[in-house]
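Geometric and topological summary
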Amino acid sequence: KIHLVISFIYCMIFLNSKKQATIGQQIFGLMTINIKTGKVKILDSFTIFFARMIMNYSFYIGYITVLFTKDKITAHDFISSSRVIKISEKINNR
C-alpha cells in the first residue's frame, strides 16, 4: 500500500511541475498536457493517477486503446483529457 502513496506523490509532484513530466518522460523529451488548457492542474494529475490505477488493476486493458487510436492515446488520457506529447510539439504550437 505504501507504493500507492509513493506513486501518487510522484505523479502529483512531477506532472504539476514546470516541466509537466515524469522523470521517464523528461529523459525521452515528452511532457503531459491538458488538451483544453495546455497546463496540467492538480485535479488533472489526480484523475490521471486514479485512471492509471484502475487500468493497472484491470490487467492493463486501458492501454489497448493505443492500438486503435491514430494518436496512440490510452484510456486514462481520454478520461483525464490529457495527452503525452513531444516537447518540440509544445514549442512549435505556441
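Rules and cut-offs
- Residues numbered from 1 in each chain as written.
- Predicted model: local features only at pLDDT ≥ 70, side-chain atom pairs only at ≥ 80, totals over all residues.
- Heavy atoms only, no water.
- pLDDT = per-residue confidence, 0-100.
- Helix = DSSP H or I, 4+ residues; strand = E, 2+ residues; numbered from the N terminus.
- Buried < 20%, exposed > 50% of the residue type's maximum accessible area, 1.4 Å probe, protein only.
- Contact = heavy atoms within 4.5 Å.
- Axes fitted to C-alpha atoms, helices over the stretch in contact; angles between N-to-C directions.
- Parallel < 35°, antiparallel > 145°, perpendicular 65-115°, else oblique.
- Left-handed = near helix turned anticlockwise from the far one by under 90°.
- Phe/Tyr/Trp six-rings, centres within 6.5 Å; stacked < 30°, edge-to-face > 60°.
- Lys NZ or Arg CZ within 6 Å of the ring centre and 35° of its normal.

Our focus in this paragraph is the confidence of the model for the protein chain. In this model, the protein chain carries an average pLDDT of 91, and 97% of its residues clear a pLDDT of 70 or more. Least confident of the elements in the protein chain is helix H5 (residues 87-92), whose mean pLDDT is 77; most confident is helix H2 (residues 23-27), at 96.

With that settled, the discussion passes to the side chain of Ser81. With respect to the helices and strands, Ser81 occurs in the loop between helix H4 (75-80) and strand E2 (82-86). Residue class for Ser81 comes out buried when judged on its relative accessible area of 18%. Apart from the residues within four sequence positions on either side, Ser81 is in contact with Ile33, Asn34, Ile35 and Lys36.

What follows concerns the packing of helix H1 (residues 2-15) against helix H3 (residues 42-56). Relative orientation of the contacting elements H1 and H3 amounts to 140°, with a least axis distance of 9 Å. As the angle between them shows, H1 and H3 are arranged oblique. Regarding H1 and H3, the two cross each other, and that crossing is right-handed. Contact with H1, carried on its side by Leu4, Ser7, Phe8, Cys11, Met12 and Leu15, involves Ile42, Ser45, Phe46, Ile48, Phe49, Phe50, Arg52 and Met53 of H3 and no other residues of that element.

Position of Gly29 relative to the elements: it lies in the loop between H2 and strand E1 (30-34). Along the primary structure Gly29 and Ile87 are separated by 58 residues, whereas in three dimensions their C-alpha atoms are 5.7 Å apart. With near-sequence residues (within four places) excluded, Gly29 lies in contact with Ile85, Lys86 and Ile87.

One pass over the full model with this rule turns up seven aromatic pairs. Judged by centre distance (5.2 Å) and plane angle (75°), the ring pair of Phe8 and Phe49 falls under edge-to-face. With Phe8 in helix H1 and Phe49 in helix H3, the pair connects residues that are 41 residues apart, well separated along the chain. Through a chain of ring-to-ring contacts, the aromatic side chains of Phe8, Phe46, Phe49 and Phe50 assemble into a single cluster. A cation over an aromatic ring shows up here: Arg83 above the ring of Phe78, its NZ or CZ 5.7 Å from the ring centre.

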